[in-house]
Amino acid sequence: MMQFGVIARKFSSSASVQSAIKNVTVIGGGLMGSGIAQVSAQAGQNVTLVDVSPDVLAKAQKSIGANLGRVAKKVYKDKPQEGEKFVAEALGRIKTLTDPVAAAKSADLVVEAIVENMDVKHKLFKQLDEAAPEHTILASNTSSLSINEIASVVKRKDRFGGLHFFNPVPVMRLLEVVKGAETSEATYNAMMAWGKAVGKTCITCKDTPGFVVNRLLVPYICEAIRLYERGDASARDIDIAMKLGAGYPMGPLELADYVGLDTNKFILDGWHKKYPDQPLFKPIPLLNKLVAEGKLGVKSGEGFYKYEKK
Ligand SMILES: CCCCCCC[C@H](O)CC(=O)SCCNC(=O)CCNC(=O)[C@H](O)C(C)(C)COP(=O)([O-])OP(=O)([O-])OC[C@H]1O[C@@H](n2cnc3c(N)ncnc32)[C@H](O)[C@@H]1OP(=O)([O-])[O-]
Ligand SMILES: NC(=O)c1ccc[n+]([C@@H]2O[C@H](COP(=O)([O-])OP(=O)(O)OC[C@H]3O[C@@H](n4cnc5c(N)ncnc54)[C@H](O)[C@@H]3O)[C@@H](O)[C@H]2O)c1
């Protein structure tokens, strides 16, 4: 108990923690990348946000502005002018680019948050490894892929690791800092210090499937889907049960809709292929059916529940 207290204090988050990393490039301006760019800029980092799509970048800037406004309303509730200054300054620290190579040239740290596809990640990291300065740390926000496998294409394996954020990034306080087989102690320490500097509580994990959170969360969500598929309980009752009986903020099926049923399926299929004998990772016919029908959850307007399209 005593030891846990010490560890908890040691790793407790603080936006005032200093990090040697001042210039961060975030690649992928979608759901996760925009959140990572926001928390970095909020903490005073110079941020370059990259996406192949200028439309995504415009959308990201808009949502970051709106989310910074939410933060300002809370933090500066009696000082609206200071709140406006906070939002303007944070937004001013984010520049956008469509070229990852140009963006890597000025980075101390690159955080990749593009599609969860090994080939696409490999292609990007090869380019980044060639373009980035010697000291630059390369990191992936992958949910389910192996950090060692992603790092296999770069020369700087000692300056490569995992930085796994949670959705929604501005709200979720955890950051999993993943050590690959060849991640150096200096890289690990720099990633931990940076994570704390951007306001997250960091935990450490080896390069094991799903790290800590998803290794527990994916089987939990999958078991909930199987329970529903068997007709053991309604979707609503499964979700109410876990919210009121176990204290979760969302039930498992609501959470599956929130992260996206295609993402759920992608992770499960990838792990099933790698570990075919693990019953927890076996395909789920209902999940496959919903995805085949385009029912992907909140983003498509329907999953286990129906949503108003934004
Ligand atoms: C097979 C499985 C597959 C797994 C996939 C893995 C995916 C991945 O690798 C891991 C994950 O991320 S796993 C997923 C991990 N994620 C989870 O497990 C999430 C679980 N869910 C939750 O924690 C809560 O339901 C939410 C925080 C999402 C919403 O909270 P709520 O109470 O229901 O509703 P509320 O009252 O509206 O909001 C409360 C406060 O949050 C603020 N805010 C909200 N959205 C925001 C945004 N986008 N931006 C900024 N701010 C946002 C809002 O302003 C408010 O602030 P205030 O200070 O109170 O005014
Ligand atoms: N969604 C989640 O809940 C969540 C949580 C934690 C980690 N992750 C991981 O984060 C990563 C991104 O997930 P997301 O949900 O933000 O995806 P997303 O689809 O919202 O965003 C990905 C973005 O990357 C862009 N992109 C694709 N290829 C690119 C390239 N070569 N160069 C630059 N931009 C490129 C796309 O245009 C898109 O805007 C994935 O690896 C995912 O597993 C997701």
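Residues numbered from 1 in each chain as written. Chains lettered and ligands numbered in written order. Predicted model: local features only at pLDDT ≥ 70, side-chain atom pairs only at ≥ 80, totals over all residues. Heavy atoms only, no water.

## Things to note about the site of ligand 2
Alright, step 1. Around ligand 2 sit 18 residues in total, of which M32, D51, E116, K121 and S143 are the nearest.
Alright, step 2. The contact in question runs from an oxygen atom of ligand 2 to an N or O atom on the backbone of L31, over 3.0 Å.
Alright, step 3. Measuring from an oxygen atom of ligand 2, one finds a backbone N or O atom of I114 at 3.2 Å.
Alright, step 4. Contact with the protein chains removes 80% of the 840 Å² of surface that ligand 2 exposes when unbound.
Alright, step 5. Among the residues making up the shell around ligand 2, the classes are represented as eight nonpolar, seven polar and three charged. (Near = heavy atom within 4 Å. Polar contact = N/O pair within 3.5 Å; in protein donor to acceptor, adjacent residues only side chain to side chain. Areas by Shrake-Rupley, 256 points an atom, 1.4 Å probe, with all protein chains shown as cover. Nonpolar A, V, L, I, M, F, W, Y, C, P; charged D, E, K, R; others polar.)

## Looking at the sheet that holds strand β7 (residues 174–179)
Alright, step 1. Pairing is mixed in the open sheet, where eight strands are placed in the order β3-β2-β1-β4-β5-β6-β7-β8. Looking at the sheet topology across the chains shown, the edges are occupied by β3 (94–97) and β8 (201–206). Here the average twist between neighbouring strands, direction ignored, is 25°.
Alright, step 2. Pairing of β7 with β8 involves six bridges; the strand directions are parallel. For V178, the partnering residue across the bridge sits in β8 and is C205.
Alright, step 3. Helix α8 (residues 185–197) contacts β1 (23–27), β4 (109–112), β5 (137–140), β6 (160–164), β7 and β8 of the sheet and is inclined by roughly 175° relative to β7. (Pairing = 2+ DSSP bridges. Helix = DSSP H or I, 4+ residues; strand = E, 2+ residues; numbered from the N terminus. Axes fitted to C-alpha atoms, helices over the stretch in contact; angles between N-to-C directions. Contact = heavy atoms within 4.5 Å.)

## Here's the deal with the site of ligand 1
Alright, step 1. Neighbouring ligand 1 are 22 residues, the closest being R70, K74, S143, H164 and N167.
Alright, step 2. Within the contact set of ligand 1, a nitrogen atom lies 2.9 Å away from a side-chain nitrogen or oxygen of R70.
Alright, step 3. Between H164 and ligand 1, the recorded distance is 2.8 Å, taken from a side-chain N or O atom to an oxygen atom.
Alright, step 4. Out of a free accessible area of 1,200 Å², ligand 1 has 67% covered by protein chains.
Alright, step 5. Secondary-structure elements contributing two or more residues to the shell around ligand 1 are α3 (54–75), α9 (213–229), α11 (252–259) and α12 (261–274).
Alright, step 6. Residue contributions to the shell around ligand 1 peak at four residues, all from α9.
Alright, step 7. Partitioning the shell around ligand 1 into residue classes produces 14 nonpolar, six polar and two charged.

## What to know about the packing of α12 against helix α13 (residues 285–292)
Alright, step 1. Axis separation between α12 and α13 bottoms out at 9 Å; the angle between their running directions is 130°. Viewed along their axes, α12 and α13 adopt a mutual orientation that is oblique. By crossing handedness, the relation of α12 to α13 is classed as left-handed. For the pair formed by α12 and α13, the contact residues are L261, D262, N264, K265 and L268 on the first element and L287, N288, L290 and V291 on the second.
Alright, step 2. Counted by class, the contact of α12 with α13 contains five nonpolar, two polar and two charged residues. (Parallel < 35°, antiparallel > 145°, perpendicular 65-115°, else oblique. Left-handed = near helix turned anticlockwise from the far one by under 90°.)

## A short note on the pattern of salt bridges
Alright, step 1. A full pass over the atoms with the stated rule returns 16 salt bridges.
Alright, step 2. D158 is paired through a salt bridge with R159; the nearest N and O atoms lie 3.2 Å apart.
Alright, step 3. A residue is classified by how much of its surface remains accessible, and D158, at 31% relative accessible area, is partly exposed.
Alright, step 4. The salt bridge involving K243 is made with E254; its shortest N-O contact spans 3.0 Å. Of this pair, K243 sits in helix α10 (residues 235–246) while E254 sits in helix α11, and the two are 11 residues apart along the sequence.
Alright, step 5. According to the relative accessible area criterion, K243 is partly exposed, its value standing at 26%. (Salt bridge = Lys/Arg side-chain N within 4 Å of Asp/Glu carboxyl O. Buried < 20%, exposed > 50% of the residue type's maximum accessible area, 1.4 Å probe, protein only.)

## Quick look at the side chain of R159
Alright, step 1. With respect to the helices and strands, the residue R159 is situated in the loop between α7 (147–151) and β6.
Alright, step 2. Its relative accessible area of 19% is what places R159 among the buried residues.
Alright, step 3. Of the polar contacts made by the side chain of R159, one reaches the backbone oxygen of E134; its length is 2.4 Å.

## Some remarks on the UniProt feature "domain: 3-hydroxyacyl-CoA dehydrogenase C-terminal" (unreviewed entry) in the protein
Alright, step 1. UniProt tags residues 210–307 as "domain: 3-hydroxyacyl-CoA dehydrogenase C-terminal" (unreviewed entry).
Alright, step 2. A distance of 28 Å separates the end C-alpha atoms of residues 210–307, which is 60% helix and 0% strand. (UniProt positions renumbered as here; feature names shortened; annotations may be inferred.)

## Things to note about the packing of α3 against helix α4 (residues 80–92)
Alright, step 1. Running from amino to carboxyl end, α3 crosses α4 at an angle of 150°, the nearest separation of the two axes being 9 Å. As α3 runs across α4, the sense of the crossing is right-handed. Here Q61, I64, G65, L68, G69, V71 and A72 of α3 lie close against α4, whose contacting residues are G83, F86, V87, A90 and L91.
Alright, step 2. Taken together, the residues of the contact of α3 with α4 sort by class into eight nonpolar, four polar and no charged.

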